[in-house]
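Residue-level listing of the chains:
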Amino acid sequence: MEHALETRCPFCKRKNDHCSNVGSEHSQPTDGDVTMCIGCGGLAIYDSKSESGLRVPSVAEIIDVLADQDVEKAMMAWQRVVGYKLDK
Ligand SMILES: [Zn+2]
């Protein structure tokens, strides 16, 4: 489900005005949830104390996030949308 929520990507500085969740149909994002910028594909953490609404994840958070298959699927979908190819 899509929600109106203004945030600014901590990586590319893109202003995003909506978000979609991968999990529960009705859950709003809360502090500590991960998001992926539609502009650059960067993974960030929701943080209501941050002026942008997001912060750069810690190394430990990135390790946890990358182990989540839903995040992996979202990253693959984003890569297909923008035509990005990973060299393996
Ligand atoms: Zn971005």
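Before any of the text, the structure's been laid out above.
Because the structure is a prediction, the values reported are computed rather than measured.

1. Some points on the overall build of the protein
At step 1: Scanning the protein from terminus to terminus reveals 2 helices and 5 strands.
At step 2: For the protein, the succession of helices and strands along the chain, N to C, is β-β-β-β-β-α-α.
At step 3: For the protein, whose C-alpha radius of gyration is 13 Å, the value lies close to the compact-globule estimate of 12 Å for 88 residues.
At step 4: Each principal axis of the C-alpha distribution contributes one length, and for the protein these read about 40 × 30 × 25 Å.
At step 5: Within the protein, buried positions represent 15% of all 88 residues.

2. A short note on the nonpolar core
At step 1: Membership of the largest hydrophobic core is limited to 8 residues, which are C9, V34, M36, C37, L43, A44, I45 and L54.
At step 2: Only β3 (34–36) and β4 (43–46) provide two or more residues apiece to this core.
At step 3: Ignoring anything within four residues of it in the chain, the contact list for A44 reads C9, P10, T35, C37, L54, R55, V56 and P57.

3. Some thoughts on the environment of C9
At step 1: Checked against the element boundaries, C9 lands in the loop between β1 (2–8) and β2 (15–20).
At step 2: We classify C9 as buried; it has 21 C-beta atoms within 10 Å.
At step 3: Separated by 46 residues in the primary sequence, C9 and R55 have C-alpha atoms spaced 8.1 Å apart.
At step 4: Those residues in contact with C9, other than ones at most four positions away along the chain, are R14, N16, C37, G39, C40, G42, A44 and L54.

4. Some thoughts on the environment of D33
At step 1: Summarising the element assignment, D33 is placed in the loop between β2 and β3.
At step 2: Residue class for D33 comes out partly exposed when judged on the 15 C-beta atoms lying within 10 Å of it.

5. Observations regarding the pairing of β2
At step 1: Where β1 meets β2, 5 bridges bridge the pair, whose relative direction is antiparallel. Note on β2: the bridge partner recorded for E2 is S20.
At step 2: Connecting the antiparallel pair β1 and β2 is a turn made up of 6 residues, with K13 showing a positive phi of about 70 degrees.

Definitions and cut-offs
For every chain, the first residue of its written sequence is number 1, and the numbers climb from 1 along that sequence. Totals for whole chains, interfaces and linings use every residue, but because this is a predicted model, local features are given only for residues with pLDDT of at least 70 and side-chain atom pairs only at 80 or more, for both listing and counting. Helix and strand definitions here come from DSSP, where helices need a minimum of 4 consecutive H or I residues and strands a minimum of 2 consecutive E residues; each element is numbered from the N-terminal end. C-alpha atoms define the radius of gyration in this analysis, and the globule rule sets the expected value at 2.2 Å times the number of residues to the power 0.38. In this scheme the burial state of a residue depends on its C-beta neighbours within 10 Å: 20 or more other such atoms mean buried, 12 or fewer mean exposed, and anything in between means partly exposed; the C-beta positions come from the backbone. Any set of buried Ala, Val, Leu, Ile, Met, Phe, Trp, Tyr and Cys residues joined through C-beta atoms within 7 Å is what this text calls a nonpolar core. It is the C-beta atoms, placed from the backbone, that decide contacts: two residues are in contact if theirs lie within 7 Å. In this analysis, strands are considered paired if DSSP registers two or more bridges between them.

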